[in-house]
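# Examining the three-dimensional arrangement
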Amino acid sequence: MSTSVIIIEDEQLTANRLKKLIEDLSDLEVLTHLNSVKSAVEWLQQNQLPDIIFLDIHLGDGSGFDVLDAIPGFPLIIFTTAYDQYTLEAFHYNSVDYLLKPIKPKELVKAISKYERLKQQENSNFHIDRTRATLEKTYKSRFLFKVGSRYKQVSINDISYFFSHDGLNYARCTSGETYVSDFTMDQLEEVLDPVSFFRTNRGMMIGVDHIEEIHTYFNGRLLLELNPAYDHGDVLVSREKVKTFKNWCGL
């Protein structure tokens, strides 16, 4: 059985060149080319996951990471990008390699060889070790927030959600108090238990026990009511994340 590949890339010429390189340098089968977060998520939710995704990080309607956050399963990823500042974040996502554009044939061959080595380890402890590492990871149980000239310690059980507003990040507590947080949303995704907190969009992480009501919303989205209430607009779950969100909260 051939190794299946999809390319997610918003520049047509770049996608065409990558497809030709893959076909010329390997026996991988390119199933399709997708050019946006929306089209990629729809395809991945309706089809069996490919063996490899060649994924551009910067897409016209969002980030390649948005695609991965919205789909079930953990396909192997070869990231393709013109920027190198996302290397660390990329390796949080089952990454095989990280190729800088313009992609050199030699680097592509190395990435495919790395994938093949990983596949050969399927019957070893590779996946077991990955699962064990995830299960054994410890998450933050409390945060320290600066209040004037002093610091206040708050248990994670007393935090309803984190949100971004006017360039700052905040923690909203069950008591209704709000504290400025030094953590970015990306950092919070790393230190918060994913069983308890879900990132509904770029600017909000919500606690599962603090969702008051869930409503259907137009364009296939969900509207959430939180406790305590969020004061800066609607809390929406994007259409791309609805399926993952429902699984997360047991719907």
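Residues numbered from 1 in each chain as written. Predicted model: local features only at pLDDT ≥ 70, side-chain atom pairs only at ≥ 80, totals over all residues. Heavy atoms only, no water.

Here we take up helix 8 (residues 239-248). Taken together, the buried positions of helix 8 are Glu 240, Lys 241, Val 242, Phe 245 and Trp 248. Among the residues trailing helix 8, Gly 250 stands out with phi positive, at a value near 75°. (Buried < 20%, exposed > 50% of the residue type's maximum accessible area, 1.4 Å probe, protein only. Helix = DSSP H or I, 4+ residues; strand = E, 2+ residues; numbered from the N terminus.)

Turning our eyes to something else, we now look at the sheet that holds strand 1 (residues 4-8). Strand order in the open sheet formed by 5 strands is 2-1-3-6-7, and the pairing between neighbours is parallel. Two strands close off the open sheet at either side, each with one partner strand: strand 2 (29-34) and strand 7 (95-100). Adjacent strand axes in the sheet meet at a mean angle of 20°, parallel and antiparallel pairs treated alike. By the bridge criterion, 5 bridges tie strand 6 (residues 76-81) to strand 7 in an arrangement that is parallel. Within strand 7, the residue paired with Thr 81 across the bridge is Leu 100. Here helix 5 (residues 105-120) sits on the sheet in contact with strand 3 (52-56), strand 6 and strand 7, set at roughly 180° to strand 7. (Pairing = 2+ DSSP bridges. Axes fitted to C-alpha atoms, helices over the stretch in contact; angles between N-to-C directions. Contact = heavy atoms within 4.5 Å.)

What follows is about the sheet that holds strand 17 (residues 235-237). The strand order across the open sheet built from 3 strands is 15-16-17, with neighbouring strands paired in antiparallel fashion. The open sheet terminates on both sides in strands that have one partner only, identified here as strand 15 (211-216) and strand 17. Between one strand and the next, the sheet's axes are offset by a mean angle of 30°, whatever the strand orientation. Pairing of strand 16 (residues 222-226) with strand 17, which is carried by 3 bridges, proceeds in the antiparallel orientation. Counted as the bridge partner of Leu 222 is Val 237 from strand 17.

The subject of this paragraph is the pattern of salt bridges. One side chain can pair with another of opposite charge once the charged atoms of both are near each other. Within the structure shown, the criterion is met by 12 salt bridges. Taken together, the shared-partner salt bridges in this structure form one network comprising Glu 9, Asp 56 and Lys 101. (Salt bridge = Lys/Arg side-chain N within 4 Å of Asp/Glu carboxyl O.)

Right, let's talk about the environment of Tyr 98 for a bit. By the secondary structure assignment, Tyr 98 is in strand 7. For the pair formed by Tyr 98 and Ala 111, sequence separation is 13 residues and the distance between their alpha carbons is 8.2 Å.

For the rest of this paragraph, the subject is the pairing of strand 2. As paired elements, strand 1 and strand 2 share 5 bridges and run parallel to each other. Bridge pairing links Val 5 to Val 30 in strand 2. Read as a crossover between parallel neighbours, the route from strand 1 over helix 1 (residues 12-25) to strand 2 is right-handed. (Right-handed = clockwise from strand over helix to strand, strands pointing away.)

For the protein, per-residue confidence averages 85 on the pLDDT scale, and 86% of positions sit at 70 or higher. Per-residue pLDDT stays below 50 along residues 123-128; that stretch engages in 3 contacts with residues further than four places along the chain or on separate chains. (pLDDT = per-residue confidence, 0-100.)

If you trace the backbone, Thr 216 turns up in strand 15. The exposure class of Thr 216 is exposed, given its relative accessible area of 72%. The spatial distance from the C-alpha of Thr 216 to the C-alpha of Leu 236 is 9.7 Å, given a sequence separation of 20 residues. Each residue touching Thr 216, except ones within four places of it in the same chain, is listed here: Arg 221 and Leu 222.

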